[in-house]
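Chain by chain, the residues run as shown.
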Protein chains: 2
Amino acid sequence: MIGRLNHVAIVVPDLAVATETYRSTLGATVSAPLDLPEHGVTTVFVELPNTKIELLHPLGEGSTIAKFLANNPAGGIHHVCYEVEDIIASRDKLKADGLRVLGDGEPRIGAHGKPVLFLHPKDLFGTLVEIEQV
Amino acid sequence: MIGRLNHVAIVVPDLAVATETYRSTLGATVSAPLDLPEHGVTTVFVELPNTKIELLHPLGEGSTIAKFLANNPAGGIHHVCYEVEDIIASRDKLKADGLRVLGDGEPRIGAHGKPVLFLHPKDLFGTLVEIEQV
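Residues numbered from 1 in each chain as written. Chains lettered and ligands numbered in written order. Predicted model: local features only at pLDDT ≥ 70, side-chain atom pairs only at ≥ 80, totals over all residues. Heavy atoms only, no water.

Examining the interface of chain A and chain B
Argument step 1. Contacts between the two partners involve 39 residues from chain A and, on the opposite side, 39 residues from chain B.
Argument step 2. Carbon and sulfur atoms supply 69% of the area that chain A and chain B bury against each other, a total of about 3200 Å² over both sides.
Argument step 3. Put simply, chain A and chain B have zero salt bridges between them.
Argument step 4. Within the residue set of the side of chain A that touches chain B, elements represented by two or more residues are β1 (5-11), α1 (15-25), β6 (76-84) and α3 (87-96) of chain A.
Argument step 5. Within the side of chain A that touches chain B, the residues separate by chemical class into 24 nonpolar, 12 polar and three charged. (Contact = heavy atoms within 4.5 Å. Buried area = accessible area lost by both parts, 1.4 Å probe. Salt bridge = Lys/Arg side-chain N within 4 Å of Asp/Glu carboxyl O. Helix = DSSP H or I, 4+ residues; strand = E, 2+ residues; numbered from the N terminus. Nonpolar A, V, L, I, M, F, W, Y, C, P; charged D, E, K, R; others polar.)

This is the structure we're talking about:
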């Protein structure tokens, strides 16, 4: 079912500092910051040859990652995103196998304009997993 | 400097359960478990089309990931590994930019038989980063 690793998301306390570190110290190609108010995040894409790192910072009130940052003030790895071909079929298979889908269980349009779902980290060994239909 | 994302390492409390979940529920290709006593881990490689997930479980006394698992009994994402072409040049550049290299600062041979170093997570936004010369 799962295909490529689409991205690893890292929540950071200061997006400008993190972006500059990835650019100048780690020598990676980084995007301009992109506000995604409907997702409550500002994101910077770090382009690696085979996948992306997404640096995330809370945007606006009620950001879903604000609590994570409060609990991890230095930042931390927030989730991994695996690509799937058919998000509905994937969701139904995962649910049938006992995994919990977060929210109302219906895909929403993610940061890349594609349908996404999140799976409960307690069902996947402490790892928050996003699946994205590509 | 950094190239491909070589792998994402996830520490899991039960390697057999995690392997079976990645195989049968997530539908990924998984390896047999591999004991790496010199690294204090047993690992299973989850092969994705563009990178790997490494499921890790402590092996033997004094495993470097035993404390992580004690602090995160459900498991969790442990580190990301970026490939570099020249680990010594990379190390020297990272140190010159103020990043702390863990241990004695000399590369050791990692789980893939290649030289690796780990960078202090406090210098990289709460993320433990391994660099591996490929």
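Some details on the nonpolar core
Argument step 1. Core analysis: the biggest nonpolar cluster contains 58 residues, and V8, L55 and Y82 of chain A together with V8, L55 and Y82 of chain B have the highest contact counts within it.
Argument step 2. Aside from chain neighbours lying at most four places away, what touches Y82 of chain B is I10, Y22, L48 and I53 of chain A together with I2, R4, L5, N6, V129, E130, I131 and E132 of chain B.
Argument step 3. With eight residues, the next largest nonpolar core counts A9, V11, V41 and L56 of chain B among its residues. (Core = buried A, V, L, I, M, F, W, Y, C linked by side-chain atoms within 4.5 Å. Buried < 20%, exposed > 50% of the residue type's maximum accessible area, 1.4 Å probe, protein only.)

A short note on the pattern of salt bridges
Residue and element names in this part refer to chain A.
Argument step 1. Summed over all chains, the structure comprises 12 salt bridges over all chains.
Argument step 2. A salt bridge links D97 to K93; its shortest N-O distance comes to 2.9 Å.
Argument step 3. Exposure remark for D97: the relative accessible area of 35% places this residue in the partly exposed category.
Argument step 4. For K93, a relative accessible area of 32% translates into the label partly exposed.
Argument step 5. Salt-bridge contacts for R100 lead to D123; the nearest nitrogen and oxygen are separated by 2.8 Å. Taken together, the positions of R100 in the loop between α3 and β7 (108-109) and D123 in the loop between β8 (115-119) and β9 (129-133) put the pair 23 residues apart, joining distant regions of the chain.
Argument step 6. One salt-bridge network, held together by shared partners, links R91, D92 and E106.

Topic: the relation of the copies chain A and chain B
Argument step 1. Rotating chain A by 180° and moving it 0.0 Å along the rotation axis overlays it on chain B with an RMSD of 0.0 Å. The two molecules are tied by a two-fold rotation axis, judged by turn and shift. For chain A, the minimum C-alpha distance to the rotation axis belongs to N50 of chain A and amounts to 3.0 Å.
Argument step 2. Both copies share a contact surface, since 100% of the interface residues of chain A are interface residues in chain B too. (Least-squares fit on C-alpha atoms with pLDDT ≥ 70 in both.)

Examining the environment of H7 of chain A
Argument step 1. Mapping H7 of chain A onto the fold places it in strand β1.
Argument step 2. Other than its neighbours up to four places away in sequence, H7 of chain A contacts T51, K52, E54, H79, V80, C81, H112 and E130 of chain A.

Side note on the pairing of β9 of chain A
Residue and element names in this part refer to chain A.
Argument step 1. Counting buried residues along β9, four of its five residues qualify, which places the element largely inside the surrounding structure.
Argument step 2. When β6 meets β9, the two strands line up parallel, connected through five bridges. Within β9, the residue paired with C81 across the bridge is E130.
Argument step 3. Summarising the sheet, β8 and β9 pair through four bridges and their orientation is antiparallel. Residue L119 lies in a different strand from β9, and its bridge partner there is V129. (Pairing = 2+ DSSP bridges.)

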